[in-house]
Amino acid sequence: MTAYKVGYLIGSLAKGSLNRKLAKALVNLAPAELSMTEIPFKDLPLYSYDYDANFPPPARAFKDALAGVEAVLFVTPEYNRSIPGGLKNAIDWASRPYGQNSFTRKPSAVIGTSPGSIGTALAQQSLRGVLGFCNSPQMNSIEAYIQFKPNLITDEGEVTDPTTEEFLRDYMLQFHGFIARVYTALPRPDLTPVE
């Protein structure tokens, strides 16, 4: 099986985020062919097109990190029936300046967890709309709306429920397969750093 570099973005900036636990679990359960790297965005200022001619260092580092991966996994909570503002801000930075959208033709997947019974379904729908505009091929199936129950995932990313563990392992296998299918139709990006 072909190996791919995957960057993951955690929608919540909170250190104790349930979605950070979920992201750790997904990294632990990913097939060996997926090299997983977190792409943080907490240091990004609020986006303004005034920066387009000269991105500040945190934004350049963020864009460089996205350029260094072949696919992106979004692990996000739901805030007010949509995605957190920090995540939307990060996507705005990544999609600019015009003509330099970091998500163009880059496979993506969306997942999230919440104590609520709909498990981030509306946030995911909102995020899918944004990613569609950003021209990112999206894994639409399997969908994953995880209701977080107490102690479902430990701080180290260990899933305590065998059924959930099996589901998340399959989710990552499906993501690997999706990335491979996208790159049978689209050219795979050259990740060689530019000197």
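The preceding data block contains the structure.
These numbers come from a predicted model, not from an experiment.

K.L.:
How should the packing of helix α2 (residues 57–67) against helix α3 (residues 85–94) be read in this particular structure?
P.N.:
Angle between the axes and distance between the axes: these two values describe a pair of packed helices. Interhelical geometry of α2 versus α3 gives an angle of 80 degrees and a closest axis separation of 10 Å. Judged by the inter-axis angle, α2 sits roughly perpendicular to α3. Touching Ala 59, Phe 62, Lys 63 and Leu 66 of α2 are Ala 90, Trp 93 and Ala 94, all from α3.

K.L.:
Before we go on, may I ask you to explain the layout of surface pockets in this structure?
P.N.:
Take a probe with the size of a water molecule and roll it over the atoms, and the empty space left behind shows itself. Taken as a whole, the largest pocket spans an internal volume of roughly 520 Å³. Lining the largest pocket are 22 residues, with Ala 67, Gln 100, Asn 101, Ser 102 and Lys 106 positioned closest to its centre. Take the lining of the largest pocket: its biggest share by element is five residues, from α2. The residue inventory of the lining of the largest pocket, partitioned by class, reads nine nonpolar, four polar and nine charged.

K.L.:
Even after reading the chapter, I still don't get the pattern of salt bridges, so can you show me in this structure?
P.N.:
Think of it this way: side chains of opposite charge can pair up when their charged atoms draw near. Counted by the stated rule, this structure contains eight salt bridges. When the shortest N-O distance is used, the salt bridge between Lys 21 and Asp 155 registers 3.1 Å. One end of the pair, Lys 21, is in helix α1 (residues 18–29); the other, Asp 155, is in the loop between β5 (145–147) and α5 (162–185), and 134 residues separate them in sequence. Between Glu 78 and Arg 81 there is a salt bridge, with its nearest N and O atoms 3.2 Å apart. Relative accessible area serves as the criterion here: at 56%, Arg 81 is assigned to the exposed category.

K.L.:
Explain the sheet that holds strand β4 (residues 108–114) to me, please; I cannot follow it from the model alone.
P.N.:
Hydrogen bonds between backbone groups are what pair the strands of a sheet, and the pairing can be parallel or antiparallel. Here we have five strands laid out as an open sheet, ordered β2-β1-β3-β4-β5, and parallel in their pairing. The two strands at the open ends of the sheet, each matched to only one other strand, are β2 (34–38) and β5. Adjacent strand axes in the sheet meet at a mean angle of 25 degrees, parallel and antiparallel pairs treated alike. Relative to strand β3 (residues 71–75), strand β1 (residues 4–10) is paired through five bridges, and the arrangement is parallel. Residue Ile 10 lies in a different strand from β3, and its bridge partner there is Val 75.

Rules of the game
- Residues numbered from 1 in each chain as written.
- Predicted model: local features only at pLDDT ≥ 70, side-chain atom pairs only at ≥ 80, totals over all residues.
- Heavy atoms only, no water.
- Axes fitted to C-alpha atoms, helices over the stretch in contact; angles between N-to-C directions.
- Helix = DSSP H or I, 4+ residues; strand = E, 2+ residues; numbered from the N terminus.
- Parallel < 35°, antiparallel > 145°, perpendicular 65-115°, else oblique.
- Contact = heavy atoms within 4.5 Å.
- 1 Å grid on protein atoms, 1.4 Å probe; cavity = no way out; pocket = protein on both sides within 12 Å on 5 of 7 lines; lining within 4 Å.
- Points joined across faces, edges and corners; volume = space filled by probe spheres on them.
- Nonpolar A, V, L, I, M, F, W, Y, C, P; charged D, E, K, R; others polar.
- Salt bridge = Lys/Arg side-chain N within 4 Å of Asp/Glu carboxyl O.
- Buried < 20%, exposed > 50% of the residue type's maximum accessible area, 1.4 Å probe, protein only.
- Pairing = 2+ DSSP bridges.

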